[in-house]
Amino acid sequence: MKRGLSVSDSDGHAFTPLVVIELAEDIKEEAVAWLLNRMKDKQQHGGAELLVDQLPLEGQGDQKGNPNMFVIGATWQRLLYGAEDVGLVKEFNDGSMRGFTYANKDNFRDFHGDGDGFLSMAECQYIIKHGLDILRAKDETHIPGYPQVKLYPGKSIIRRMQSKGILLQIFPLHEKEGLKKLSLSWYRKVKLSYQPLDDIRQYFGESLGLYFAFLEYFTFALAPMAFIGIPYYLFAWEDYDKYVLFAVFNLVWSTVILEVWKRYSASLAYSWGTLSRKKAFEEPRPGFHGVLGLNPVTGREEPTYPNAKRQLRIYLVSVPFVLFCLYLSLHVMMIYFDMEVWVMALHDEEPTVGTTLLLFIPSIIYAVVIEAMNRLYRYAAEFLTEWENHRLESSYQNHLVLKVLVFNFLNCFASLFYIAFVMQDMALLRQSLATLLITSQILNQIMEAFLPYWLQKRRNKKIHKRVRKTMVDKELPLAEQVKLEADMSTYLGTFDDYLELFLLFGYVSLFSCVYPLAAVLVVLNNITEVYSDGLKMCRVFKRPFSEPASDIGVWQLAFETMSVISVVTNCALIGMSPQVKAYFPESETQLILLVVAVEHVLLAFKFILAFVIPDIPKHIQIKLARLEFQSMEALKKRKMLEAAGTPNKSE
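Residues numbered from 1 in each chain as written. Predicted model: local features only at pLDDT ≥ 70, side-chain atom pairs only at ≥ 80, totals over all residues. Heavy atoms only, no water.

## Considering unusual backbone geometry
Then, number 1: We note that Asn389 has phi near 65 degrees; this positive angle belongs to a residue other than glycine.
Then, number 2: If you trace the backbone, Asn389 turns up in the loop between helix H12 (361-387) and helix H13 (393-423).
Then, number 3: Overall, the relative accessible area of 0% leaves Asn389 in the buried class. (Helix = DSSP H or I, 4+ residues; strand = E, 2+ residues; numbered from the N terminus. Buried < 20%, exposed > 50% of the residue type's maximum accessible area, 1.4 Å probe, protein only.)

## Quick word on the sheet that holds strand E5 (residues 69-73)
Then, number 1: What the 4 strands build is an open sheet, ordered E4-E5-E3-E10; its pairing is antiparallel. Edge positions in the sheet fall to strand E4 (51-54) and strand E10 (167-172), since each has one partner strand and no second. Strand-to-strand twist across the sheet, computed as the mean angle between neighbouring axes with direction ignored, equals 20 degrees.
Then, number 2: Relative to E10, strand E3 (residues 19-23) is paired through 5 bridges, and the arrangement is antiparallel. (Pairing = 2+ DSSP bridges. Axes fitted to C-alpha atoms, helices over the stretch in contact; angles between N-to-C directions.)

## Description of the confidence of the model for the protein chain
Segments scoring low in pLDDT should not have their predicted coordinates read at a detailed level.
Then, number 1: With 89% of its residues at a pLDDT of 70 or more, the protein chain has an overall mean of 83.
Then, number 2: Ignoring residues within four places in sequence, the model shows residues 469-473, a span with pLDDT below 50, making 15 contacts including any to other chains. (pLDDT = per-residue confidence, 0-100. Contact = heavy atoms within 4.5 Å.)

## Details of the environment of Pro617
Then, number 1: By the secondary structure assignment, Pro617 is in the loop between helix H21 (588-612) and helix H22 (618-650).
Then, number 2: Residue classification places Pro617 among the buried residues on the basis of a relative accessible area of 6%.
Then, number 3: With 350 residues separating them along the chain, Pro617 and Ser267 place their C-alpha atoms 7.4 Å apart.
Then, number 4: Non-local contacts of Pro617, meaning those with residues more than four positions away in its chain, are made with Arg263, Ala266 and Ser267.

## So, the nonpolar core
Then, number 1: One finds Trp186, Phe204, Phe212, Trp253, Phe502, Phe511 and Trp555 to be the most contacted residues of the largest nonpolar core, which totals 109 residues.
Then, number 2: Counting residues in each nonpolar core, the second largest holds 50 residues, with Ala31, Val86, Leu119 and Ile166 among its members. (Core = buried A, V, L, I, M, F, W, Y, C linked by side-chain atoms within 4.5 Å.)

## Here we look at the layout of surface pockets
Then, number 1: Computed from the structure, the second largest pocket encloses a volume of approximately 780 Å³.
Then, number 2: Lining the second largest pocket are 31 residues, and of these Arg375, Arg378, Met447, Glu448 and Asp496 sit closest to its centre.
Then, number 3: Of all the secondary structure elements, the ones that give two or more residues to the lining of the second largest pocket are H12, H13, helix H14 (426-459) and helix H17 (495-511).
Then, number 4: Residue composition of the lining of the second largest pocket, grouped by class: 14 nonpolar, 7 polar and 10 charged. (1 Å grid on protein atoms, 1.4 Å probe; cavity = no way out; pocket = protein on both sides within 12 Å on 5 of 7 lines; lining within 4 Å. Points joined across faces, edges and corners; volume = space filled by probe spheres on them. Nonpolar A, V, L, I, M, F, W, Y, C, P; charged D, E, K, R; others polar.)

## Here's the deal with the UniProt feature "transmembrane region" (unreviewed entry) in the protein chain
Then, number 1: Following the UniProt record, one finds the feature "transmembrane region" (unreviewed entry) at residues 210-237, 243-261, 314-337, 357-377, 400-421, 433-455, 501-524 and 591-613.
Then, number 2: Its end C-alpha atoms 30 Å apart, residues 400-421 is made of 100% helix and 0% strand. (UniProt positions renumbered as here; feature names shortened; annotations may be inferred.)

## Quick word on the packing of aromatic side chains
Each aromatic ring pair is specified by the distance between its two centres and by the angle formed by the two planes.
Then, number 1: The final tally for this structure, using the stated rule, is 36 aromatic pairs.
Then, number 2: With centroids separated by 4.8 Å and ring planes inclined at 75 degrees, the aromatic side chains of Tyr203 and Phe204 adopt a geometry described as edge-to-face.
Then, number 3: A relative accessible area of 4% means that Tyr203 is categorised as buried.
Then, number 4: Look at Phe337 and Tyr418: their rings are 4.8 Å apart centre to centre, the planes differ by 35 degrees, and that puts the pair in the tilted class. Of this pair, Phe337 sits in helix H10 (residues 307-349) while Tyr418 sits in helix H13, placing them 81 residues apart in sequence.
Then, number 5: Taking relative accessible area as the criterion, Phe337 reaches 6% and is therefore assigned buried.
Then, number 6: On the accessibility criterion, Tyr418 (27% relative accessible area) is partly exposed. (Phe/Tyr/Trp six-rings, centres within 6.5 Å; stacked < 30°, edge-to-face > 60°.)

What follows is the structure, encoded as structure tokens:
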């Protein structure tokens with residue numbers, strides 16, 4: 001991180017502001033003094049050893065600001081020690097990726113002089129957040145000034161204050177020069193080129209870097225489908241039999257691209273230093289509550305909650321609620337089909353231009369209703385998952401993802417399955433798929449990027465004309481920059497972004513053989529998604545904290561599950577083609593058995609392919625094995641030296 005604008009704390013230490021912490025306006029003074037003291041105190045005394053300065057309010061004109069806003073930084077030595085504490089992996093002089101240690105700092109490739117520029121600003125902000133997260137109560141029984149906010153030894157101070165509304169928000173500051181360069185190379189110029197993935201990862205961290213890498217990879221992977229789909233659409237629109245070849249290609253494509261992606265993501269994660277990074281011990285979620293007990297791993301007191309009680313909540317409340325929502329979704333679907341029947345009857349009775357256009361109205365209305373139901377259900381799923389009281393964030397995310405994916409899958413695809421396999425109306429399937437796909441893409445672009453950007457402009461209408469030119473291109477006073485960023489929306493993570501790609505992957509892999517232009521539409525959507533997502537990350541949302549990641553997590557399993565479902569779907573579509581049915585004019589049972597047999601063979605081929613293609617490229621496996629061998633040899637050598645030195649110490 002290059003040192004930029006500096007401020008000074010109460011002891012006169014100059015530092016670069018990296019993170020902002022905003023406390024409640026009516027917070028008790030003793031609570032502020034106690035928190036600041038804990039943040040500044042030495043680590044050996046239970047503090048975070050950070051530098052803190054109160055944000056001055058002057059220069060903000062008639063705009064009333066919160067006086068309890070503080071900027072946080074750290075000495076360069078503290079950041080380097082913190083890099084070792086959080087397990088950052090950096091490139092060694094021999095080209096290998098190794099965990100950074102302060103004692104061995106001069107042997108890392110990019111470490112020169114005092115190390116200025118060795119750590120990115122995002123890494124420094126992550127280190128500071130880690131320092132704040134591990135601030136724990138010692139002998140305090142409550143937050144000073146708040147006797148009702150109880151504490152116990154080992155309780156996270158920051159999480160407790162956040163859950164009680166005493167601490168409003170913590171966010172990392174944007175780096176104006178870095179943001180300007182990233183914006184220019186990323187989304188401000190429309191051009192056909194790769195995304196600056198290394199720069200995105202450097203600025204936003206590995207989790208977001210991998211999302212944009214997957215978005216780019218998915219777009220390029222769709223190119224063969226789009227290339228083949230255009231002539232199919234132009235020259236074989238009504239010839240359903242020819243789509244059998246397209247369906248077979250679809251089966252192979254959906255399997256291969258996911259396996260190749262795992263290798264590509266492993267290569268990225270290795271070069272970014274997260275593939276071999278040790279996973280940090282997972283702390284309880286901020287919202288987790290229960291009766292105080294003893295953690296058998298850490299030995300600290302923390303809340304405990306009976307797993308049996310959680311399971312009762314899941315199976316007696318959450319599961320019935322999800323099933324009810326699924327039933328409601330199917331009921332809405334049947335209403336949609338009633339509308340389709342009515343419109344078709346109207347068109348058949350007296351065909352006109354108006355009734356022809358009217359044929360698309362039910363699908364458009366249904367697509368809008370689907371999006372609305374998905375978003376309403378998302379809020380309900382979050383509430384339910386929070387109420388289930390999961391101890392770990394990973395468990396919370398897995399249950400939330402499962403709830404949302406099950407509903408979204410049925411809500412978005414149930415009508416298509418019904419049309420394909422119950423009504424067996426391929427013309428209506430093409431029309432419905434096209435309408436749902438186009439409408440959902442338009443709504444997503446509006447809801448995810450343009451609407452938040454417009455709202456952000458309205459919130460900052462008094463200063464936006466100046467900020468639009470100065471926030472990226474010129475120097476903005478620190479107090480005004482902090483106030484502007486504090487009012488920005490908070491980025492809630494990549495969940496919704498991956499969910500959108502998951503549904504688009506479903507539209508392409510499940511039914512694109514009857515609507516070959518689906519891949520073309522998704523490619524166009526993904527290209528605009530790159531620019532809209534870049535816009536919202538740089539201009540609409542607060543800068544998120546960097547999150548280490550070595551893969552796309554549970555979403556890899558979600559995409560692979562969709563790929564398996566696509567095998568079944570495409571085999572069934574092939575079996576329904578007139579060309580295949582002609583071989584079994586008298587025995588439909590034989591046709592069904594044949595389709596099932598082919599499906600099982602293809603699934604077996606799919607799993608064999610997944611097994612044969614290694615998830616991690618061979619050259620990276622060798623590097624990881626060599627590093628592990630060197631670590632073991634170094635440990636043996638150190639133990640031998642310690643053993644040899646024991647007699648001397650005793651003498």
